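Analysis of the macromolecular model
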Amino acid sequence: MSTLCLEHARAGNSAATEHLIATLRPRLVRMARYYAACSREDADDLLQEAWAGLLEALPGVDTSIGNPEAYLLRYARWRVLDAIRRQHARRHLLPGDDALDSHPTRETLDVALTAAALADFLTRLTLTQRAILACLLAGCTWRETGHLLGCTSANVAYHVKRIQAAYHAWAAEQ
């Protein structure tokens, strides 16, 4: 496809836009079919999203930079992937038969159970081990943790092994 044709299509020339559509149709159809097979979505719906993305990006295409065709196809692909993501989220957020299947309720329950389990596990650790665990969970390295707590990274490593052993013992009881 020539850059002149893209310039005319961008300017609103209907003949150039039709030529652009005819040229890119096979690639968009293949893209929609591919993503439909991967995501179990309807290929025609994804093709429609691809066209919307491509035609939405057409006014912003700069033919002097890179490959304008690839730019348009990239926008079409992003629009298709966004549509798949929206459909996937919509399907998973719909409540089921049970009241606990709804997303906010399940998330609240999971957070509460996790907090209770963590509190139970923390009672098995010494104060030093709790401090080390807090530092590590905050993203500190062993060396940074040792510096903060006034010990060496080898000492932190020793306590991490003790924390792991305590966790394995706790998990075996659960």
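Residue indices follow the written sequence of each chain, beginning from 1 at its first position. Side-chain atom pairs in this predicted model are given and counted only at pLDDT of 80 or more, local residue features only at pLDDT of at least 70, and totals for whole chains, interfaces and linings cover all residues. Only hydrogens and water are set aside; all other atoms, that is, all heavy atoms of the structure, feed into the side-chain values.

Buried together is how nonpolar side chains tend to be arranged in soluble globular proteins. Take the buried Ala, Val, Leu, Ile, Met, Phe, Trp, Tyr and Cys residues and link them wherever side-chain atoms come within 4.5 Å; each set so joined is a nonpolar core. Each residue's exposure class comes from its accessible area (1.4 Å probe, protein chains only) as a fraction of the maximum for that residue type: buried when under 20%, exposed when over 50%, partly exposed otherwise. Ranked by internal contacts, the top residues of the largest apolar core, which has 25 residues, are L20, L28, L46, L54 and L72. Strands are runs of DSSP state E lasting at least two residues, helices are runs of H or I lasting at least four, and both sets are numbered from the N terminus onward. Mapped onto this core, the elements with two or more residues apiece are α1 (3-11), α2 (14-39), α3 (43-57) and α4 (68-93). Examining the composition of this core, we find that 8 residues originate from one element, α2, more than from any other. For this analysis, residues touch if any pair of their heavy atoms sits within 4.5 Å. If sequence neighbours within four positions are ignored, L72 has contacts with L6, L20, L24, L54, A57, L58 and V61. One finds I132, V156, A166 and W170 within the second-largest nonpolar core, a separate group that totals 9 residues.

Turning our eyes to something else, we now look at the confidence of the model for the protein. When pLDDT is averaged across the protein, the result is 83; 89% of the residues are at 70 or more. How sure the predictor is of each residue is captured by pLDDT, a score from 0 to 100. Note that pLDDT drops below 50 for residues 97-101; the model gives that stretch 6 contacts with residues more than four away or on any other chain.

To continue, consider the pattern of salt bridges. Each salt bridge in this description consists of a side-chain nitrogen of Lys or Arg and a carboxyl oxygen of Asp or Glu lying within 4 Å of one another. Throughout the structure, instances matching the rule amount to 7 salt bridges. Of the charged contacts, one joins E49 and R79 as a salt bridge, the two residues approaching to 2.9 Å between their closest N and O atoms. In this pair, E49 sits in helix α3 while R79 sits in helix α4, placing the two residues 30 residues apart along the sequence. R79 sits in the partly exposed class, given a relative accessible area of 24%. In this structure, D82 and R85 form a salt bridge, with 2.8 Å as the shortest nitrogen-oxygen distance. With D82 and R85 both in helix α4 and 3 residues apart, this pair spans about one turn of that helix. Assessed through its relative accessible area of 32%, D82 is described here as partly exposed. We classify R85 as exposed; its relative accessible area is 52%. Linked through salt bridges whose partners overlap, the residues forming this network are E49, E56, R79 and R86.

Take E41: it is sitting in the loop between α2 and α3. Excluding anything up to four places from it in sequence, E41 contacts A36, L46, I84, Q87 and R91.

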